[in-house]
Amino acid sequence: MSASLNPFAPARRSLSIGLLLGVLLIAFESLAVATALPEVARELHGLKLYGWPLSAFFMGFMVGTVGLGALADRDGPFVPVVIALLLFAAGLGVAGLSPNMAVLIGGRILQGLGGGAIVSVAYLVINTAYPDAMRARMLALLSSAWVLPALLGPALASYVTGRWSWRGVFLGLLPLVILAAGLLLPTLRTLRGAGTPLSRTRLWAVVLAAIGVTLGLAGITELGQGKWLGGLLLLPGLGLALPALGRLFPARMLALGTPLSAGYAVRFLLAFAFFGSESILPLGLAELRGLTLLQAGLFLTGGALIWSATSLIHSRFDERTQGQRRSSVVRLGSLAIGTGLLGLLAALVFSALPIALGVFFWILAAFGMGLAFPAHVLVVMQHAPSGQQGEVSGTLQLADMLGSALGAGLGGALVAALGAAGGVPWQLGLTFGLAFFTAVVAGRLRGRSGAGTATSEGDLAHD
């Protein structure tokens, strides 16, 4: 590889390693928490709140991506990353020392606030500090940052949980946060923002949307358990969330009128389908098929490894085809996700089927994400207006986190209402259907040359 296309050449080495470590922290925490969550819920007597530690993280992520992503557009990435690392570290400490599920959920919100900013700034930096020919490779490397956590995360989380406590899953990451700060901050200090004004209206909208979605999920959970008071949470939740979300996304998003609005919709659907399934997978494997915590975690390991490997392969394909097949790749990936989730549902419900079949279908779903996820990001960022890449990146993350939060929250509500035996199959039935629908929506994606050039105001009609 020539030095001009090498992200680890001396000029960018510290930046590239720091970005990868930041994403690695989030990846490890995601896989480790998902693995340990059944034990956390049992110890803290919080099975009826099973989806909340995941949804709380995603709600915090929503606010962090939009608020701190916009701040990075205006002032540069240095201050947002300092704030993000402090919030993430505080969240690890609160969650690791939590005496009950409510405090744990609060810690997860702090982690989400910090994690959202880290990922949002990573996309911004890739789009502004790296040449276009290197961006697909850097996105693939960010995906590959899941490899080490995928190899060690579930096994380490189950070992730490069994030999000591699930609390080590949180507290053990604090030294890595300090290391990430040492690698990232000196380089980020030299990067300047575009001076894009900070939209307070947009920031308030994402806060209201997070509060509204949280109230709505709480209402659904309560109604699912036959508590009519849940309606008192659901209705105001919808009243807050729907207008706020209308200001955060392009006005024509539901009509899928532009590649940018279609890209946001695809991101939402991909996140809901895949992460909504992943959130309840360890519980379903343990309760429906009798797998141990480690065995269930290894499912997540296999999926993450396949996702990362597929992303790397896609980056080479994208370079050779000069990005001309991205929309087709998204459609193919979506179909693979839907087929994989449908097969996984069958493997969980029908005990006569070998569990190895479930492994195959989960790997197929992860293969689909490895294709669809990076291809769709590249298409969307091509249509980002100049000087607003951070805002578009933040909106992508918002769609991601909204889909993930609703997917995990709905899965938790179904488990609370129907138990694992009923809730898990219903959740997988919903998610595989959404994955097939994503393949239809992906037909609206169209790439173009000249990444990062201005696009029409209608593409970004947020306010």
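Treat the numbers as computed from the prediction; the structure is a model and nothing was measured.

(A) Summary view of the overall build of the protein chain. The helix and strand tally for the protein chain stands at 15 helices and zero strands. For the protein chain, with 463 residues in total, the buried portion stands at 59%. Within the protein chain, contacts between residues at least 6 apart in sequence are counted, and of these 84% link residues at least 24 apart. Within the structure as shown, the protein chain displays about 17300 Å² of accessible surface, and the carbon and sulfur contribution to it stands at 69%.

(B) Quick peek at the environment of Val 82. Position of Val 82 among the secondary structure elements: in helix α3 (residues 78-96). For the pair formed by Val 82 and Leu 185, sequence separation is 103 residues and the distance between their alpha carbons is 7.6 Å.

(C) Just the confidence of the model for the protein chain, in detail. Model confidence for the protein chain is summarised by a mean pLDDT of 81, while 88% of its residues fall at 70 or above. Note that residues 449-463 has pLDDT below 50 and, in this model, 48 contacts with residues that lie over four places away or in other chains.

(D) Quick peek at the nonpolar core. In this structure, Leu 19 and Leu 344 are the most contacted members of the largest nonpolar core, which totals 141 residues. For this core, the element with the most residues is helix α1 (residues 13-43), which contributes 17 residues. In contact with Leu 19, not counting residues within four places along its chain, are Ala 122, Val 125, Tyr 130, Met 138, Leu 142 and Leu 184.

(E) Structural context of the packing of aromatic side chains. The final tally for this structure, using the stated rule, is eleven aromatic pairs. Ring centres 5.9 Å apart and planes at 75° place the aromatic pair Phe 57 and Phe 58 in the edge-to-face group. Comparing Phe 57 with Phe 58, the two get one shared label, buried. Judged by centre distance (6.1 Å) and plane angle (55°), the ring pair of Phe 268 and Phe 272 falls under tilted. In this pair, Phe 268 and Phe 272 are both assigned in helix α11 (residues 259-289), four residues apart and thus about one turn of the helix distant. A relative accessible area of 7% means that Phe 272 is categorised as buried. Taken together, Phe 274, Phe 275, Trp 307, Trp 362 and Phe 373 form an aromatic cluster joined through their ring pairs.

(F) Layout of the packing of helix α9 (residues 200-224) against helix α10 (residues 230-248). Following both chains from N to C, one finds α9 and α10 inclined at 150°, their axes separated by 6 Å at the closest point. Overall, the two elements α9 and α10 adopt an arrangement that is roughly antiparallel. Seen along the crossing, α9 lies across α10 with a hand that is left-handed. Taken together, the residues of the contact of α9 with α10 sort by class into 17 nonpolar, seven polar and three charged.

(G) View of the side chain of Ser 404. By the element assignment, Ser 404 lies in helix α15 (residues 389-441). Under the relative-accessibility criterion, Ser 404 is labelled buried at 1%. Those residues in contact with Ser 404 that lie beyond four places of it in its chain are Phe 58, Ala 271, Phe 272 and Phe 275.

(H) Seen up close, empty space enclosed by the protein. With the rule as written, the count across this model stands at seven cavities of 30 Å³ or more. A volume near 130 Å³ is recorded for the second largest cavity. Surrounding the second largest cavity, twelve residues form its lining, Asn 127, Arg 135, Leu 139, Leu 378 and Met 381 being those nearest its centre. Residue assignment for the lining of the second largest cavity shows that the elements contributing at least two residues are α4 (101-129), α5 (132-144) and α14 (355-382). Tallying contributions element by element places α14 first for the lining of the second largest cavity, with four residues. Grouping the amino acids of the lining of the second largest cavity by side-chain chemistry returns seven nonpolar, two polar and three charged.

(I) Molecular detail of the environment of Ala 372. Checked against the element boundaries, Ala 372 lands in helix α14. Through-space distance from the C-alpha of Ala 372 to that of Leu 270 is 8.3 Å; in sequence the pair is 102 residues apart. Discounting residues that sit within four places of it in the chain, Ala 372 has contacts with Leu 270, Val 329, Val 330, Gly 333 and Ser 334.

(J) The arrangement of helix α8 (residues 174-188) in detail. Compared with an ideal rise of 1.5 Å per residue, which puts 15 residues at 21 Å, α8 spans 21 Å between its outermost C-alpha atoms and is within 8% of the ideal. Of the residues making up α8, those classed as buried are Val 177, Ala 180, Ala 181, Leu 184, Leu 185 and Leu 188.

(K) Geometry of a nonpolar patch on the surface. There is a patch of nonpolar side chains on the surface, built from Leu 148, Leu 151, Leu 152, Leu 156 and Tyr 159 and spanning about 480 Å² of accessible area. Structurally, the position occupied by Tyr 159 is in helix α6 (residues 147-163).

(L) How the structure looks around the pattern of salt bridges. Scanning all chains against the criterion turns up two salt bridges. Here Glu 39 makes a salt bridge to Arg 42, at a shortest N to O gap of 3.6 Å. In this pair, Glu 39 and Arg 42 both sit in helix α1, three residues apart, roughly one turn of the helix. Judged by relative accessible area, Glu 39 falls into the partly exposed class, the value being 26%. A relative accessible area of 47% means that Arg 42 is categorised as partly exposed. A salt bridge links Asp 400 to Arg 267; the nearest nitrogen and oxygen atoms lie 3.1 Å apart. Of this pair, Asp 400 sits in helix α15 while Arg 267 sits in helix α11; the two residues are 133 residues apart in sequence, bridging distant segments of the chain. Given a relative accessible area of 5%, Asp 400 falls into the buried group.

Scoring rules and cut-offs
- Residues numbered from 1 in each chain as written.
- Predicted model: local features only at pLDDT ≥ 70, side-chain atom pairs only at ≥ 80, totals over all residues.
- Heavy atoms only, no water.
- Helix = DSSP H or I, 4+ residues; strand = E, 2+ residues; numbered from the N terminus.
- Buried < 20%, exposed > 50% of the residue type's maximum accessible area, 1.4 Å probe, protein only.
- Contact = heavy atoms within 4.5 Å.
- Areas by Shrake-Rupley, 256 points an atom, 1.4 Å probe, with all protein chains shown as cover.
- pLDDT = per-residue confidence, 0-100.
- Core = buried A, V, L, I, M, F, W, Y, C linked by side-chain atoms within 4.5 Å.
- Phe/Tyr/Trp six-rings, centres within 6.5 Å; stacked < 30°, edge-to-face > 60°.
- Axes fitted to C-alpha atoms, helices over the stretch in contact; angles between N-to-C directions.
- Parallel < 35°, antiparallel > 145°, perpendicular 65-115°, else oblique.
- Left-handed = near helix turned anticlockwise from the far one by under 90°.
- Nonpolar A, V, L, I, M, F, W, Y, C, P; charged D, E, K, R; others polar.
- 1 Å grid on protein atoms, 1.4 Å probe; cavity = no way out; pocket = protein on both sides within 12 Å on 5 of 7 lines; lining within 4 Å.
- Points joined across faces, edges and corners; volume = space filled by probe spheres on them.
- Expected span 1.5 Å × (residues − 1).
- Patch = residues over 30% accessible without salt bridge, like charges linked within 9 Å, V, L, I, M, F, W, Y side chains within 5 Å.
- Salt bridge = Lys/Arg side-chain N within 4 Å of Asp/Glu carboxyl O.

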